[in-house]
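So the chains spell out like this:
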Amino acid sequence: MDLNLDAPHSMGTTIIGVTYNGGVILGADSRTSTGMYVANRASDKITQLTDNVYVCRSGSAADSQVVSDYVRYFLHQHTIQLGQPATVKVSANLIRMLAYNNKNMLQTGLIVGGWDKYEGGKIYGIPLGGTVVEQPFAIGGSGSSYLYGFFDQAWKENMTKEEAEQLVVKAVSLAIARDGASGGVVRTVIINSEGVTRNFYPGDKLQLWHEELEPQNSLLDILNAAGPEPMAM
Amino acid sequence: MVVSSRSSMPPRLSTTICSFNFTGNIAGPLNPSGVEKLIASKMMLPGSNRRIHSVHRHAGMAVAGLAADGRQIVARAKSEARSYESVYGEAVPVKELSERVASYVHLCTLYWWLRPFGCGVILGGYDRDGPQLYMIEPSGISYRYFGAAIGKGKQAAKTEIEKLKLSEMTCKEGVIEVAKIIYKLHDEAKDKAFELEMSWICEESKREHQKVPDDLLEEAKTAAKTALEEMDAD
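Residues numbered from 1 in each chain as written. Chains lettered and ligands numbered in written order. Predicted model: local features only at pLDDT ≥ 70, side-chain atom pairs only at ≥ 80, totals over all residues. Heavy atoms only, no water.

You'll find chain B entered in an unreviewed UniProt entry as Proteasome subunit alpha type-3, with Arabis nemorensis given as the organism. Reading the Function (unreviewed entry) entry of the UniProt record for chain B gives the comment "The proteasome is a multicatalytic proteinase complex which is characterized by its ability to cleave peptides with Arg, Phe, Tyr, Leu, and Glu adjacent to the leaving group at neutral or slightly basic pH. The proteasome has an ATP-dependent proteolytic activity." (UniProt positions renumbered as here; feature names shortened; annotations may be inferred.)

As named in an unreviewed UniProt entry, chain A is Proteasome subunit beta, taken from Arabis nemorensis. Checking UniProt for chain A, the heading Catalytic activity (unreviewed entry) contains the comment "Cleavage of peptide bonds with very broad specificity."

(A) Fine view of the side chain of S98(B). Residues and elements named next belong to chain B. Following the sequence through the fold, S98 ends up in helix α2 (residues 94-107). Its relative accessible area of 1% is what places S98 among the buried residues. S98 has contacts with L123, Y134, I136 and S142, leaving out every residue within four places of it along the chain. (Helix = DSSP H or I, 4+ residues; strand = E, 2+ residues; numbered from the N terminus. Buried < 20%, exposed > 50% of the residue type's maximum accessible area, 1.4 Å probe, protein only. Contact = heavy atoms within 4.5 Å.)

(B) Representation of the side chain of T50(A) within the structure. Inspection of the secondary structure assignment puts T50(A) in strand β6 (residues 46-50). Residue T50(A) is classed as buried on the basis of its relative accessible area, which comes to 12%.

(C) Spotlight on the UniProt feature "active site" (unreviewed entry) in chain A. Residue and element names in this part refer to chain A. UniProt records the feature "active site" (unreviewed entry) at T13, using the numbering of this structure. Checked against the element boundaries, T13 lands in the loop between β1 (10-11) and β2 (15-20). Exposure remark for T13: the relative accessible area of 0% places this residue in the buried category. In contact with T13, other than residues within four places in its own chain, are D29, K45, R57, S58, G140, G141, S142, G143, D179, A181 and S182.

(D) The arrangement of the sheet that holds strand β5 (residues 52-56) of chain B in detail. All names here are of chain B. Across the sheet, which stays open at both edges, the five strands sit in the order β5-β6-β7-β8-β9 with antiparallel pairing between neighbours. The sheet terminates laterally at β5 and β9 (142-144), the two strands that pair on one side only. Direction aside, the axes of adjacent strands within the sheet are offset by 25° on average. In this structure, strand β7 (residues 119-127) lies alongside strand β8 (residues 130-136), joined through seven bridges in antiparallel fashion. (Pairing = 2+ DSSP bridges. Axes fitted to C-alpha atoms, helices over the stretch in contact; angles between N-to-C directions.)

Following this line, the structure appears as structure tokens:
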């Protein structure tokens with residue numbers, strides 16, 4: 001089996017951003033892979049752009065880092081000129097500008113989430129081609145394929161902070177179970193009017209799903225069971 | 001300011017511009033602006049020699065002074081507003097726009113091969129933080145105001161504005177007050193006839209910079225003339 005250690009670092013990834021009643025929650029897994037080798041099993045894919053705006057990165061690790069760095073720099077200058085914190089919309093637009101204008105060279109899907117005093121909590125999804133879509137929740141990365149149906153069923157408007165975070169952790173954990181390119185720990189970032197809170201959920205403490213559970217009432221129990229005891233004479 | 005009333009020289013700062021910005025209690029925050037345009041020749045069509053220009057959907061500029069210089073400033077403001085929107089994806093905040101325009105005007109005071117602009121500008125706009133009014137002078141200074149005036153009669157206009165209770169006025173009342181002030185300041189003996197040009201940005205104009213509707217303009221003119229007659233009658 002070829003590990004292909006020369007492959008560029010890719011973040012297979014599962015990234016999620018959801019709005020709730022009062023702010024946003026961003027969540028991500030922590031696996032960075034180089035081909036089949038896990039280069040970093042505890043990476044932080046949720047990067048800060050400003051005090052009140054963060055971005056979830058997926059796709060090429062290098063591309064997403066460079067784009068984030070540029071936008072952080074532009075936003076810093078913008079904040080100084082404006083004299084007040086940048087809005088989430090402006091942050092998303094700057095990312096979109098870079099993503100669209102360099103679409104031929106970049107391979108990174110991003111989810112921008114934050115809180116500002118004008119619009120409150122907002123999530124913007126910026127997938128591969130450089131479109132910007134403002135959404136009540138967004139999912140991205142290779143692991144997100146397994147979450148579309150889940151969110152259709154589980155998502156609702158105006159959740160509380162606790163409900164929303166539970167939803168995010170559950171979703172990332174489900175994706176990690178099915179997607180080989182996602183794994184490690186679950187990191188979440190909560191952004192609201194009061195500020196930013198980072199949370200960490202170790203991989204071995206996550207809920208087990210389906211085939212990971214201990215079998216119950218399985219045929220295997222019968223096969224594994226000891227044979228009948230010889231009768232006492 | 002020196003005024004030349006003969007049309008052989010281009011009129012220098014001969015127009016008075018008066019505008020205010022405030023939060024009215026009933027009709028909401030707003031920004032009416034009025035310009036007293038001295039008519040240089042009876043051959044000119046009414047409505048020509050525009051002094052108030054839209055810089056963007058949500059912002060407008062009134063120019064007093066050399067019209068040609070004013071054109072440059074307006075063009076620059078339009079360009080800055082457009083480029084901000086294309087980069088940041090939102091309408092340019094009025095504060096940011098005024099700083100950019102002031103910076104440009106100031107630039108022209110720094111180098112020996114450039115001459116300063118021969119006009120002042122009042123920039124009014126409505127952004128996320130409500131309506132705002134800024135004045136940019138030829139020196140490149142820019143301040144935010146609740147009431148401002150430039151041009152020939154600016155001192156008297158400022159005195160009149162200070163008498164008003166801006167925080168208690170509505171949209172329409174503001175328009176009428178501006179008209180009254182301009183009519184009051186116009187000196188019948190010294191100057192020729194004038195044309196009143198007005199624009200506003202308020203909730204009623206859907207937060208967009210527009211010419212004041214004709215019926216309201218007429219109402220304002222009539223009210224102003226009546227107020228003048230009442231004053232003369234005393």
